[in-house]
Amino acid sequence: MRFALVGGNVFDGTGSPLRPGTSVVVEDSKIVGVSSDRDFGSDTALVDVTGRTVMPGLIDCHQHFGPWFQMLITEQSRSLMYHACRSIDSLRSILESGTTSARDLGGLEAGFRDAINDGLIAGPRLKVALTVLQATNSFEMLPGLGGLISPQEMYTKLPAVPANWCDGVDGCRAKVRECLRWGADFIKILNDQFPSKRLKLDRSPWTQEEVDAMCDEAHRSGVMVSAHAYRHEAVMTVLRAGVDSIEEGCFLDEECIQEMAKRQVWYVPCISCTVWHAESNPDPEGAKYGIQLRDGNIRALQLAMEAGVPIACGTDSPMWSGAVARELETMVKVGMSPGDALASATGRAADFIRTADEVGRIKAGLEADLLVINGDPLAEITVLHDIDRLELVMQGGKPVSGSLIPSLPKFPNRLPRVLIGGH
Ligand SMILES: [Zn+2]
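Residues numbered from 1 in each chain as written. Predicted model: local features only at pLDDT ≥ 70, side-chain atom pairs only at ≥ 80, totals over all residues. Heavy atoms only, no water.

### Here we look at the domain arrangement of the protein chain
Keep this limit in mind: Where each domain begins and ends is defined by an automated method or by a domain database. By definition, residues are in contact when any of their heavy atoms lie within 4.5 Å. Throughout, the accessible surface (probe 1.4 Å) given up by two parts as they are put together, summed over both, is called the buried area. Whenever a carboxyl oxygen of Asp or Glu lies within 4 Å of a side-chain nitrogen of Lys or Arg, that contact is scored as a salt bridge. Only DSSP runs of H or I with at least four residues qualify as helices, and only runs of E with at least two residues qualify as strands; both kinds are numbered from the N terminus onward. Lys, Arg, Asp and Glu make up the charged group, whereas Ala, Val, Leu, Ile, Met, Phe, Trp, Tyr, Cys and Pro make up the nonpolar group; the residues left over, Gly among them, are polar.
We note that the domain assignment places domain 1 (2-57 + 360-407) and domain 2 (58-352) within the protein chain. One C-alpha centre belongs to domain 1, the other to domain 2, and the line joining them spans 30 Å. Listed by partner, the interface residues are 26 residues for domain 1 and 27 residues for domain 2. For the pair domain 1 and domain 2, the two sides together bury roughly 2,000 Å², of which 65% comes from carbon and sulfur. Taken as a group, Ile 381, His 385 and Gln 395 account for 26% of the area that domain 1 buries against domain 2, more than any other trio of residues on that side. Connecting domain 1 to domain 2 are three salt bridges. Its salt-bridge partner being Asp 369, residue Arg 125 comes within 2.7 Å of it at the nearest N-O pair. Of all the secondary-structure elements, those providing two or more residues to the side of domain 1 that touches domain 2 are strand 5 (53-56), strand 15 (390-395) and strand 16 (398-401). Of the residues forming the side of domain 1 that touches domain 2, the biggest block, four residues, is contributed by strand 15. Looking at the side of domain 1 that touches domain 2, its residues break down into 13 nonpolar, ten polar and three charged.

### Here's the deal with the coordination of the zinc ion
For clarity, the threshold we go by: For Na, K and Ca the donor cut-off is 3.2 Å, while for other metals it is 2.8 Å, and in both cases only N, O and S atoms qualify; water is not among them, so sites may look incomplete. Using a 1.4 Å probe on the protein chains alone, a residue whose accessible area is under 20% of its type maximum counts as buried, one over 50% counts as exposed, and one in between counts as partly exposed.
For the zinc ion, the full set of protein donor atoms is His 62 (NE2), His 64 (NE2) and Asp 316 (OD), at a range of 2.0 to 2.2 Å. When the donors of the zinc ion are listed by position in the chain, the intervening gaps give H-x1-H-x251-D. Of this pair, His 62 sits in strand 6 (residues 58-63) while Asp 316 sits in the loop between helix 9 (284-307) and helix 10 (323-333), and the two are 254 residues apart along the sequence. Accessibility expressed as a relative area gives 9% for Asp 316, which makes it buried.

Below you can see the structure in the form of structure tokens.
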């Protein structure tokens, strides 16, 4: 199967300006040519995209596609498999909205990633952390990331998702091994104290030695460590241990930012989540804290941009298909150039999650994960919100959604049909 998207304005994923009058040739799953040619011989179907933007599929570096803890608590009458089907639906709709790769920072078990890779279900190419590791008595009182800890010590435990608490140097090292044994692509740690009247807020729940052990074990295995950490002491502890990214980092101060710049640690701000808490959280206390989070989050992003910290786009917005568009819009609103914002969700995101040899740019040899947009997101970033102007979402050379699909050559059904013997 070979076709060419002819005459579009190409955003190549690096942050460079659009290249007008550019054609992108796709053969099977890959991009095989990017040029100003318009004629590719009789074996190549032509699809005219003159005036449209052609860009790489979006990458959401921080998502949670299986927020079981919330679903199982708020909708206890539903079964676990029903909630799993909602995750499947969410994965498909997020793909259809243009997010062709994503990282799940805790919740989703590795089977979802494998099912997408095997073509059983539709969704972004996934990297999964399985669970969010944390010290006992750090964040766990929050219904959510640690599961709900009731006074009766009840919490949510799922098969193939390791329980998330670990303490002591040996315990922390063993927990990383357990995550890797269940198929984690990277390790997510949460070194943060949920606001409490009883405990000092600015502390590192884990000791330096505990975080050192987790980073050492992950890095020895060739996988990254991403850290949720907000405040000075907790952030500096994980940075000294050598984490690869700070996620959210709502209260990063100048010293933390300087340390991140020096070490070139990635920052994934996830502002769309704190914007939601500030503007839409139905709980008045949550909304009040949300305003602090959002304002701190925006300030941290501005400091990071000034200091030259590498930035990747993530949303931390479970199952909200417009989250990447909202994140990019916010980044631009607070001072990032549209080119840098788009690169943070394409080429630079792929650099960060180590998939740049596969996706993230419009370049010969990479997988054909691409979008065709009726509009110019560099001039008008909000165009990404408008699903009607997203004329094509393509993943691995296969059309996913959009009004351009009838113009493309006919593709075989993407789902394999496997019959399993009954009895
Ligand atoms: Zn998260």
